[in-house]
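# Understanding the architecture of this molecule
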Amino acid sequence: MIEVAIAAAKAAGKLQRAAFGMEQVVNESLAHDIKLELDIKSQELIEKHILDHFPKHAIVGEEGVNGDQESDYKWIVDPIDGTVNFSYGIPHYCVSIALQYKHEIMIGVVYDPQRDELFTSERGKGAYLNNVPMKTSNRGDIKDCILSLGMAKTAESIESAFTQMNFYAHRAKKLRNMGSAALDLAWIASGRLDAYVERGVNWWDIAAGILLIESAGGKVKIAPNSIGKGFEVIATNGSLEMAFV
């Protein structure tokens, strides 16, 4: 199953890399988001890879659902996490694919096409970056840490992000807001970042990254968003303690 996930992620990444920097067909432009025709083409490509091998499985993605939605096996897909970055020519985006069996994430794959970096994990088998084992950082003092604070699309989530930024900017080494939740989580798993905080994320933004972090030694706290739709998440290297303020 993980080989199918990797093949699907790389196929979508190849499509995106070939289109990067070129004029895109915009299906919808919103206040804080954008939807490209390439999002749909990427998800369709991923769906074909998965359903050709597992026709009785379900797919739940940012661009819709497919397969048997009653199946205990659900593939959670974000075909382009960081679409705004991609559409503006910013080379920071990724493909995110997770496999959930009943209520447990079994496989997590995040692929960064621009850097050709493949983050993978199977439950109980560790986490890897381009087949090399990876671990979270061991920084436990916030003054030494780099935090990524996500900013979702609603007024409430933006205001909450400002509160978090004001609090943590005075305490952390540096703050980052890079526009791809899945890559932020993968970078925590690899030790590049120490924590990620956001309110208002979707399940497909974080499903693969949760397993990557937990498999690399970190911790993830997730709950229904207390100020709106989606989820709120605090992901850390496992040594750092963080909370919403």
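Here's what I pulled together on the structure shown here. Note that the structure is predicted; figures quoted are calculated from it, not measured. (Residues numbered from 1 in each chain as written. Predicted model: local features only at pLDDT ≥ 70, side-chain atom pairs only at ≥ 80, totals over all residues. Heavy atoms only, no water.)

### Considerations on the sheet that holds strand β15 (residues 231-236)
Worth spelling out the cut-off: DSSP bridges decide pairing: two strands pair if at least two such bridges lie between them. Counting from the N terminus, the helices are the DSSP runs of H or I reaching at least four residues and the strands are the DSSP runs of E reaching at least two. Axis definition: a line fitted to C-alpha atoms, limited for helices to the stretch in contact. Angles are taken between N-to-C directions and run from 0 to 180 degrees. We call two residues contacting when some pair of their heavy atoms lies within 4.5 Å.
Spatial ordering of the open sheet is given by β12-β11-β13-β15-β14, a layout of five strands whose pairing is mixed. Of all the strands in the sheet, the pair left with one neighbour each is β12 (174-176) and β14 (219-224). The sheet shows a mean angle of 15° between the axes of neighbouring strands, direction not considered. Here three bridges tie strand β11 (residues 146-149) to β12, and the two strands are oriented parallel to one another. Each bridged residue has a counterpart across the sheet, and for S148 the counterpart in β12 is R176. Sheet strands in contact with helix α4 (residues 155-169) are β11, β12 and β13 (195-201), and its direction is about 165° off that of β11.

### Observations regarding the packing of helix α1 (residues 2-19) against helix α2 (residues 37-53)
The condition that has to hold: For this classification, under 35 degrees means roughly parallel, over 145 means roughly antiparallel, 65 to 115 means roughly perpendicular, and everything else is oblique. Two helices cross in a left-handed way if the nearer one is turned anticlockwise from the farther one by less than a right angle. They cross in a right-handed way if the turn is clockwise. For this classification, the nonpolar set comprises Ala, Val, Leu, Ile, Met, Phe, Trp, Tyr, Cys and Pro, the charged set comprises Asp, Glu, Lys and Arg, and every other residue, Gly included, is treated as polar.
Between α1 and α2, the shortest axis-to-axis distance is 9 Å and the interhelical angle comes to 155°. Classed by the angle they form, the pair α1 and α2 counts as roughly antiparallel. Pair α1 / α2 crosses with right-handed handedness. Together, V4, A7, A8, A11, A12, L15, Q16 and A19 of α1 and L38, K41, S42, L45, I46, H49, I50 and H53 of α2 make up the contact between the two elements. Residues belonging to the contact of α1 with α2 are distributed by class as follows: 11 nonpolar, four polar and one charged.

### As for the layout of surface pockets
We count it as follows: Only protein atoms enter the 1 Å grid, on which a cavity is a set of points fitting a 1.4 Å probe that cannot get out and a pocket is an open set with protein on both sides within 12 Å along at least 5 of 7 lines, lining residues being those with an atom within 4 Å of a point. Grid points are joined across faces, edges and corners, and a volume is the space filled by probe spheres set on the points.
In this structure, the second largest pocket encloses a volume near 270 Å³. Lining the second largest pocket are 15 residues, and of these K153, T154, G200, N202 and K229 sit closest to its centre.

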